[in-house]
Amino acid sequence: MRPVYMISGGVSKFAKSRNRLTFQAMVKEAFSYAMRDCPKLQLEHIDGSIASYFSDHFQGQLMAGIMAHDYLGLCPKPSKRVEGGGATGGLCFQAAYEAVASGRMEVCVAFGFETMSRVRTWKGNELIALASDTNFDYPLGGFYTGYYAMMVVRHMHEFGTTVEQMAKVSVKNHTNALHNPYAQKPMMISVQDVLESPMVAYPLKRLDICLMSDGAACVILASEKAAKRFGKKDIRISGIGTGTDAMRLSDRPHGKVPLLAHESASDYRNMRYPGVHSCRAGRMAAIEAYQMAGIKNPLHDLSFVELHDAYTSSEIQTYEDLGLCKYGEGGMFIDSGAPEIGGTCPVNPSGGLLACGHPIGATGLMQAVFSFWQLQGSIREHFGSAKLQVRNPRRGLIHSHAGTGTYVTVSILERD
Amino acid sequence: MKSAFNKKYFTDLKKLKWAHNLKGLKKMPPIVLSRHDETDYIHSYGENSPFFAGLAHNEILGTRCRKCKTKFATPRLSCLQCGTDCNWFLLPKTGRIHSWTKCYFGGESFLKETPYFLILVEFKGVNSLLLSRLKGVKDEKHVEINMEVEAHFSKKPKYEITDLWFEKK
Ligand SMILES: [Zn+2]
C-alpha cells in the first residue's frame, strides 16, 4: 500500500431539517466547499467516488449514491456505495483510502449524507431498530436507546460508572459545540440539566442521546504525488482499523481482553470480556490502526479524538476501547478532565454526535473533516473562531461505530 | 391514506404562490407533501423455526456447538466462535437478569406499550444471553442485576419472540 493524504473536506450544515434541498444538493454543498478549499484541484482530476448513507428507508430512494455522484458531475467515473449502520461514514472513509492506497485512484471523493427529517422521530427510531435482529430483538421494543441502556446498566454494575459521569460527557460536548457553527444543537448546560432531562430508557435521558439530523459531508483523499501537485501534502492517513462483533447483544462472548501495547494481562484478571459492557469491535479496530500508525500509548500519542458519542455512555465505553484509559476507568477518565478542551487528550472538541447531530452517513466523514481542520490548524478559518483549535496537534483519531458495536472503524490522521 | 403527520409539516398547496418571474425561482420554498409506504412481507424463520414452535409448547430452545460446545441462549445454528453447526437443546425456565432497562419510549409501533422493561437473561451453564421483556413489575427499584426470573408463555401464541416473557421468581 502507498501513502494516502487527505487534501480537503467540507460539511453541509447539520440541522433537524434541511428540506429546502434534496440530498444531492446537500452533498454538492459539502463537495463544493471542499473543492473551493483546494483551488488547484479540478473536477477532471477526480478519479471516482464512494457514497455513504445508511438507510434506504429515510429517503425512500434506492441507489441514492449514484444520484449524488451524477449531481456532482462525476459520471462516468467509478463509484459505489458502502453501508455499515452508524459506521457507514467511517467505512466510506476507509474505502476511499483503499482506492488510493491500492493505486487504483490518484484522487478519490468520499461523500455521505442522511435525511432523517423525512419521518417522525419515533418512526425514525423504529426504522433504525431494523438494524437489530428482526426475529429475536426488534419485536421486543424496536429501540436502540433501550439496547444502549442495558449496556451501560451493566457497565455501571461492573465498574461503578455513574449517571453524573455520563452527564459530564453531555456537558462537555454540548458546550464545545457553542463554538462550532456546523453543530445542530450547541447548548450551555449543567450536569443538573442533563440529570433532570426526561428519562428515555433508564438510565439514559434526553440529553444523554444524540439527535436525528439532515446533513452531508465530503472528504477528498489523494496519493502522495497528487497531494503534492495540489499543494496539500500536509495531512496523511497513517493508520486504519476495522473491528466487528455479532449483531445481537445477547451473543457477545465473555472471554479475555485483546491487549493494547501499553496494557498487560494482569490489568484484567477477572474481567469477562466484552460482555455487553464493552465493544470488542472498537478494541480490535484500535489495535489494527495503532499497529499501522506506530501508536504505543494512545493517550500521549494522540493530540485529540473525535469519537462516536451517539450516547454519553458510548463515549465512556469508547475511552476504554481506544485505550485512553483502562477498561473500567472510563467514568474516572471524564472526571479527570483529560478529555476536555485543554486536557491531556481532548475528546470530541467539535461537540461530537451529541451536539453536532448524527445524519448517519455523513457523521464519520464530518469527523474526518473537523480533524483535518484541527491538524491543519485552520479551525479559526472554518469555524470563525479558534476556541476549539487544539494547540499544536500532531495526530488525531476518528472513530465510527455501528449497531451495538457491530462494525467499528478507527482511522488515524497526522501531520506529515 | 390519511397522513399521520401534523399538517404543519406540509405545504398548503392551495396557497402555493407562483412567482411569474423565472429569476425568483431559486428562492422558492420547497413543496413538502406526504408519501405513504406499506409492505406486507412473507417472512420465514428458516432454520430458526423450531425455537418459535417451542415457545408455543412452553419450551425455550437454545443451541450448542457440535465442536467447541459453546451454548447459545438465543439460538443460532452456526457457532459464533468457530463456525461449526449447532444442535438444539432445552434451556431451563429460570434464569437471572444480566442487565436491564425500563423504556419510556420506543419505536413508533411500541409507544403504546411504554413504559416496558427489557432484560438480558442469563442461564446457568449457558454462554450467551436472551433478550426478553420483564413483566409484573412497575417500579425499577424492584429490579436488579442477578435477580432470579422465570419464563412465562403466551396462551395464544403468535409465533413471535413476544410469546415469551419473564417475571420475578
Ligand atoms: Zn463452536
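For the structure, check the block above.
Residues numbered from 1 in each chain as written. Chains lettered and ligands numbered in written order. Predicted model: local features only at pLDDT ≥ 70, side-chain atom pairs only at ≥ 80, totals over all residues. Heavy atoms only, no water.

Undergrad: Looking at this structure, how should I read the pattern of salt bridges?
TA: Working definition: two side chains of opposite charge can pair if their charged atoms are close together. Under the defined criterion, the tally for this structure stands at 24 salt bridges over all chains. In this structure, Arg 236 of chain A and Asp 416 of chain A form a salt bridge, with 3.0 Å as the shortest nitrogen-oxygen distance. One end of the pair, Arg 236 of chain A, is in strand β8 (residues 235-244); the other, Asp 416 of chain A, is in the segment after β13 (407-415), with 180 residues separating them in the sequence. Glu 140 of chain B serves as the salt-bridge partner of Lys 102 of chain B, at 3.2 Å between the closest nitrogen and oxygen. Of this pair, Lys 102 of chain B sits in strand β4 (residues 94-103) while Glu 140 of chain B is found in the loop between β6 (130-135) and β7 (148-153), placing the two residues 38 residues apart along the sequence. Relative accessible area serves as the criterion here: at 19%, Glu 140 of chain B is assigned to the buried category. One salt-bridge network, held together by shared partners, links Glu 224, Lys 233, Arg 236, Arg 395, Glu 414 and Asp 416 of chain A. (Salt bridge = Lys/Arg side-chain N within 4 Å of Asp/Glu carboxyl O. Helix = DSSP H or I, 4+ residues; strand = E, 2+ residues; numbered from the N terminus. Buried < 20%, exposed > 50% of the residue type's maximum accessible area, 1.4 Å probe, protein only.)

Undergrad: For this particular structure, what's the right way to read the sheet that holds strand β2 (residues 71-72) of chain B?
TA: Two pairing modes exist for strands in a sheet, parallel and antiparallel, and in both the strands are linked by backbone hydrogen bonds. Residues and elements named next belong to chain B. With antiparallel pairing, three strands are arranged side by side in an open sheet as β2-β1-β3. Only two strands of the sheet have a single partner each, and these edge strands are β2 and β3 (86-90). Pairing geometry for strand β1 (residues 61-65) and β3, over five bridges, is antiparallel. Following the sheet pairing, Arg 64 is matched in β3 by Asn 87. (Pairing = 2+ DSSP bridges.)

Undergrad: Hey, could you run me through the environment of Leu 354 of chain A in this one?
TA: All names here are of chain A. Inspection of the secondary structure assignment puts Leu 354 in helix α14 (residues 352-356). Separated by 286 residues in the primary sequence, Leu 354 and Ala 68 have C-alpha atoms spaced 27 Å apart. Residues within four places of Leu 354 in sequence aside, it is in contact with Val 169, Ser 170, Asn 173, His 174, Leu 207, Asp 208, Ile 209, Cys 210, Leu 211, Asp 309, Ala 310 and Thr 312. (Contact = heavy atoms within 4.5 Å.)

Undergrad: How should the side chain of Asp 309 of chain A be read in this particular structure?
TA: Residues and elements named next belong to chain A. In this structure, Asp 309 sits in the loop between β11 (304-306) and α12 (312-321). This buried residue, Asp 309, is left without a salt bridge; Lys 172 holds the nearest opposite charge, at 6.4 Å. Side-chain polar atoms of Asp 309 contact the side chain of Asn 173, separated by 2.7 Å. In contact with Asp 309, other than residues within four places in its own chain, are Asn 173, Cys 210, Ser 314, Glu 315, Asn 348, Gly 351, Gly 352, Leu 353 and Leu 354. (Lys, Arg positive; Asp, Glu negative; His and termini not counted. Polar contact = N/O pair within 3.5 Å; in protein donor to acceptor, adjacent residues only side chain to side chain.)

Undergrad: Could you clarify how one ought to interpret unusual backbone geometry in this entry?
TA: Pro 274 of chain A follows Tyr 273 of chain A through a cis peptide bond whose omega is -5 degrees. Secondary-structure assignment places Pro 274 of chain A in strand β10 (residues 273-274). Residues Thr 114 of chain B and Pro 115 of chain B are joined by a peptide bond in cis, for which omega reads -10 degrees. In this structure, Pro 115 of chain B sits in the loop between β4 and β5 (116-122). The backbone phi angle of Tyr 159 of chain B is positive, close to 60 degrees, even though this residue is not glycine. With respect to the element layout, Tyr 159 of chain B can be found in the loop between β7 and β8 (164-168). Assessed through its relative accessible area of 40%, Tyr 159 of chain B is described here as partly exposed.

Undergrad: Is there a simple way to think about the coordination of the zinc ion in this case?
TA: Note on metal sites: the ideal angle is 109.5 degrees for four tetrahedral donors, and 90 or 180 degrees for six octahedral donors. Residues and elements named next belong to chain B. Surrounding the zinc ion are the protein donor atoms Cys 65 (SG), Cys 68 (SG), Cys 79 (SG) and Cys 82 (SG), which sit 2.2 to 2.4 Å from the metal. Coordination at the zinc ion is tetrahedral: its four donor atoms span angles of 100 to 123 degrees at the metal. The sequence pattern describing where the donors of the zinc ion fall on their chain is C-x2-C-x10-C-x2-C. (Donors = N, O, S within 2.8 Å, 3.2 Å for Na, K, Ca; no water. Tetrahedral: all angles 85-135°; square planar, octahedral: opposite > 155°, others 65-115°.)

Undergrad: Hey, could you run me through the pairing of β7 of chain B in this one?
TA: Note on strand geometry: in a regular strand, side chains alternate between the two faces of the sheet. All names here are of chain B. The alternating pattern of β7 places Val 149, Ala 151 and Phe 153 on a buried face, while none of Glu 148, Glu 150 and His 152, on the opposite face, is buried. Pairing of β4 with β7, which is carried by three bridges, proceeds in the antiparallel orientation. Paired with Arg 96 across the strands is Glu 148, a residue of β7. Sheet topology places β7 next to β8; five bridges connect them, and they run antiparallel. Residue pairing in the sheet places Ala 151 in a bridge with Phe 166 of β8.

Undergrad: How should the interface of chain B and chain A be read in this particular structure?
TA: How big an interface is tends to be expressed through the accessible area that disappears when the partners come together. Counting from both sides, the interface comprises 49 residues of chain B and, opposite them, 38 residues of chain A. Between chain B and chain A, the buried area comes to about 3,900 Å², and carbon and sulfur atoms account for 62% of it. When the area that chain B buries against chain A is broken down by residue, the three leading residues are Phe 105, Glu 108 and Leu 131 of chain B, summing to 16%. There are two salt bridges connecting chain B and chain A. A salt bridge links Asp 251 of chain A to Arg 76 of chain B, with the shortest nitrogen-to-oxygen separation between them at 2.8 Å. Applying the counting criterion to the chain B and chain A interface returns 22 residue pairs in polar contact (both at pLDDT 80 or more). (Buried area = accessible area lost by both parts, 1.4 Å probe.)

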